[in-house]
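# Chains, contacts and geometry: an overview
Given next are the chains, with one letter for each unit.
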Amino acid sequence: MKAKAQPQVATLYVGVDIAKDDFAAATVWAEQTKSLGKEENTEAGCETFASRIAARQQACGAEQVHLVVEPTGGFEAELVARAYRCGWRVTVVNLGVVRKWAQGQGRRAKTDRLDARVLAEYGAKEHPEPQQELPEEIAELDSLLGRKLDLDKLLQSERNRYGRLNRHTAPAVRRSLEQVIAALEQELATIEAAIKQLQHAQPTIKQQLAFLLSVPGIGEKIAPLLLVQLHRFWARTNGRGTAKQLVAYLGLDPVPYESGTSVRHRATISRQGNSLLRSKLFLGALGGVGGKNQLRLFYHSLLARSKPKKVALIACARKALTWAWAVFAHNTYFDPTLAAKA
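For every chain, the first residue of the written sequence is number 1, and numbering continues from 1 onward in sequence order. Local features in this predicted model are restricted to residues of pLDDT 70 or higher, and side-chain atom pairs are both shown and tallied only at a pLDDT of 80 or more, whereas totals for entire chains, interfaces and linings draw on every residue. Processing note: side-chain calculations cover all non-hydrogen atoms of the structure and skip hydrogens and water entirely.

### Considerations on the packing of aromatic side chains
Ring geometry is summarised as follows: Phe, Tyr and Trp rings, the Trp one being its six-membered ring, pair when their centres sit within 6.5 Å, and such pairs are stacked at plane angles under 30 degrees, edge-to-face over 60 and tilted between the two. By the definition in use, this model includes ten aromatic pairs. With centroids separated by 5.4 Å and ring planes inclined at 45°, the aromatic side chains of F233 and Y249 adopt a geometry described as tilted. Of this pair, F233 sits in helix 8 (residues 223-236) while Y249 sits in helix 9 (residues 243-249); the two residues are 16 residues apart in sequence, bridging distant segments of the chain. For every residue, the accessible area (1.4 Å probe, protein chains only) is compared with the maximum for its type, and the residue is labelled buried under 20%, exposed over 50%, or partly exposed between those bounds. Classification of F233 as buried rests on a relative accessible area of 3%. Owing to a relative accessible area of 22%, Y249 belongs among the partly exposed residues under this scheme. Centroid distance W234 to W325: 5.9 Å. Interplanar angle 50°. Geometry classified as tilted. Put simply, DSSP marks the helices as runs of H or I at least four residues long and the strands as runs of E at least two long, and each gets a number from the N terminus on.

Below, the structure written as C-alpha cells:
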C-alpha cells in the first residue's frame with residue numbers, strides 16, 4: 001500500500017464542527033487531542049477563535065495551522081474566510097468520507113465536541129490536501145446566483161398559489177399575493193441586473209463564460225452555474241483534478257451493481273453533488289443534440305450501438321461536462337476537431 005504523504009513542516013491540526021449559532025473545536029498536536037470548547041459562530045467569535053489558535057500555535061511551536069471542517073450549508077463561510085486571512089491551510093472535507101473513517105476507527109458516538117475531535121484526528125492521520133480559496137469575483141457570483149435561485153423558488157410558489165385562487169378567495173388574499181409577486185419580480189430583476197453587471201465588469205468571468213458557451217450543450221442559463229462549480233472543483237483539487245473526478249464530483253459518474261454471475265442490477269449514476277446543475281446539464285444535452293455539432297454525432301453513435309435514449313443523453317451531459325472542463329482548464333474555446341479525435 002502506498003504510504004500517505006507526510007507534511008514537511010510541523011502542523012497543528014484544528015477540527016471544527018460548525019452549527020448555525022456556534023461551533024465546537026479541537027486540536028491535534030504531537031498525537032495528543034485537545035478539545036477547545038465552543039465559540040459563537042459570528043465575526044467576533046471567529047476573531048476570538050483565531051487568536052486562541054494563534055496562541056496555541058505559538059505555545060506548541062507549530063509552523064503552520066491546518067483547519068479541517070465539514071460543509072454545513074454556508075455556516076462555515078465566516079470561519080473559513082478568517083482562516084485564509086490568517087494564512088492557515090484549509091480543507092473542507094467530504095462529510096460521508098469522514099463519518100466512514102470514524103466508524104472504521106470504532107467511533108460511533110456523535111456530539112459536536114466529539115465530531116470536532118474526529119475532524120482534527122482525521123486531519124492529523126490522513127493529511128488531506130489543503131484547498132485554495134475561491135477568487136473573490138467568483139464568490140460574489142456564487143452568492144448572486146444563490147439569491148437568484150431563492151427568488152425563483154419563492155416567485156414560483158407565489159404564482160402557484162395565485163393560480164389556485166377562486167371566487168371564494170378573500171380580496172385581501174388576492175391583493176397580498178399580487179403585491180408579493182410584484183415585489184419578488186422586482187427583486188429578481190435587480191439580482192439579474194447585478195449578475196450581468198458583474199459579468200461585464202470582470203474580464204476574467206466574461207472570457208471564461210465565452211469559452212464555456214462555445215461548448216455544445218452549454219447555454220447561457222447553465223454557463224454561470226457551471227463556471228462557479230468549475231472554480232470550486234479547481235480550488236478543491238488545487239488545479240490537479242481530472243475530468244473523471246469532476247464527473248464524479250457532480251454525480252454523473254456511472255455506478256454499476258454486479259456480484260458474481262447472478263446479481264446484475266441496472267447501472268445508474270451516483271447523483272452526488274449539485275443536483276440543480278446536474279439536471280441543467282441533462283437539459284442542455286437534450287437541446288444540444290438537436291444541433292449540428294459534435295454532441296449530436298456522439299449521441300447518434302450511442303444510439304447506433306443500441307443504447308437507450310435516456311442513457312445516451314446522460315452520456316452526452318457527461319461528455320459536455322468533460323469538454324467544459326477542458327476549455328476551462330486550458331483557457332481556450334472548444335475545438336470540434338480535437339473533440340472528434342477523443
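Next, the rest of the story.
### A word on the state of the cysteines
Criterion for a disulfide: a pair of cysteine sulfur atoms within 2.5 Å. Under the definition given, this model contains zero disulfides. C86 supplies the cysteine sulfur nearest to C60, a cysteine that is in no disulfide, at a spacing of 16 Å. Overall, the relative accessible area of 17% leaves C60 in the buried class. Its sulfur unpaired, C86 is 9.9 Å from the next cysteine sulfur, which belongs to C46.

### As for the sheet that holds strand 5 (residues 89-92)
When DSSP finds two or more bridges between two strands, those strands count as paired. Taken together, five strands build an open sheet; the order of strands is 3-2-1-4-5 and the sheet is mixed. Each edge of the open sheet is held by one strand with a lone partner, namely strand 3 (32-40) and strand 5. Each neighbouring strand pair of the sheet contributes to a mean axis angle of 20°, computed without reference to strand direction. Here strand 1 (residues 11-18) pairs with strand 4 (residues 64-69) via six bridges, running parallel. Note that in strand 4 the partner of G15 across the bridge is V68. In what follows, a contact means two residues having at least one pair of non-hydrogen atoms within 4.5 Å. Fitted lines through C-alpha atoms serve as axes, helices being fitted only where they are in contact, and the angles separating the N-to-C directions of these axes extend from 0 to 180 degrees. Packed onto the sheet, helix 4 (residues 112-126) meets strand 1, strand 2 (22-29), strand 3 and strand 4 and runs at close to 145° relative to strand 1.

### Side note on the layout of surface pockets
Buriedness of a pocket was judged along seven lines, with at least five required to meet protein on both sides within 12 Å; pockets are open sets of points on a 1 Å grid over the protein atoms alone, cavities are sets where a 1.4 Å probe fits but cannot get out, and lining residues have an atom within 4 Å of a point. Grid points are joined across faces, edges and corners, and a volume is the space filled by probe spheres set on the points. One number sums up the size of the second largest pocket: a volume of about 490 Å³. A267, T268, I269, V311 and I314 are, among the 17 residues lining the second largest pocket, the residues nearest its centre. The dominant element in the lining of the second largest pocket, judged by the number of residues it contributes, is helix 12 (residues 309-330), at six residues. Each residue is assigned to one class: nonpolar for Ala, Val, Leu, Ile, Met, Phe, Trp, Tyr, Cys and Pro, charged for Asp, Glu, Lys and Arg, and polar for all the others, Gly among them. Of the residues that constitute the lining of the second largest pocket, the class distribution is ten nonpolar, one polar and six charged.

### What to know about the environment of E185
Here E185 shows up in helix 6 (residues 171-201). The partly exposed category is assigned to E185, whose relative accessible area is 36%. A C-alpha to C-alpha distance of 56 Å links E185 and E31, two positions 154 residues apart in sequence. With sequence-adjacent residues up to four places away left out, E185 is seen in contact with L155 and R159.

### Concerning the nonpolar core
Nonpolar side chains tend toward joint burial in soluble globular proteins. By size, the foremost hydrophobic cluster in this structure holds 53 residues, and its most contacted members are L212, I218, L226 and L281. Looking at this core, the elements with two or more residues in it are helix 5 (136-163), helix 6, helix 7 (203-213), helix 8, helix 9, helix 10 (275-288), helix 11 (294-304) and helix 12. Element by element, the count of residues in this core is highest for helix 12, at 13 residues. In these notes, a set of buried Ala, Val, Leu, Ile, Met, Phe, Trp, Tyr and Cys residues joined through side-chain atoms within 4.5 Å is what counts as a nonpolar core. Grouped together as the second largest cluster of nonpolar side chains are 22 residues, V65, V69, A83 and Y84 included.

### Regarding the pairing of strand 5
Direction of pairing for strand 4 relative to strand 5: parallel, over a ladder of four bridges. The residue bridging H66 from the neighbouring strand is R89, located in strand 5. Following the chain from strand 4 across helix 2 (residues 77-85) to the adjacent parallel strand 5, one finds a crossover that is right-handed. A right-handed crossover is one whose linking path, passing over the helix from the first strand to the second, runs clockwise when the strands point away from the viewer.

### What about the pattern of salt bridges?
A side-chain nitrogen of Lys or Arg and a carboxyl oxygen of Asp or Glu constitute a salt bridge if their distance falls within 4 Å. Overall, the coordinates contain ten salt bridges when judged by the stated rule. A salt bridge links R52 to E39; its shortest N-O distance comes to 2.9 Å. Of the two residues, R52 is situated in helix 1 (residues 43-60) and E39 in strand 3; the sequence distance between them amounts to 13 residues. Looking at R52, the relative accessible area reads 33%, which means it is partly exposed. The closest approach of N and O atoms between E158 and R161, which form a salt bridge, is 2.2 Å. In this pair, E158 and R161 are both assigned in helix 5, three residues apart and thus about one turn of the helix distant.

### Some points on the packing of helix 7 against helix 8
Any two packed helices are characterised by the angle at which their axes cross and by the distance between the axes. Helix 8 packs onto helix 7 with a crossing angle of 110° between their chain directions and a minimal axis gap of 10 Å. With respect to their mutual orientation, helix 7 and helix 8 come out roughly perpendicular. Along the contact surface, helix 7 presents I205, Q208, L209, L212 and L213, while helix 8 presents A223, P224, L226, L227, L230 and H231. Of the residues belonging to the contact of helix 7 with helix 8, the class tally is nine nonpolar, two polar and no charged. An angle counts as roughly parallel when it lies under 35 degrees, as roughly antiparallel when it exceeds 145, as roughly perpendicular when it falls between 65 and 115, and as oblique in every other case.

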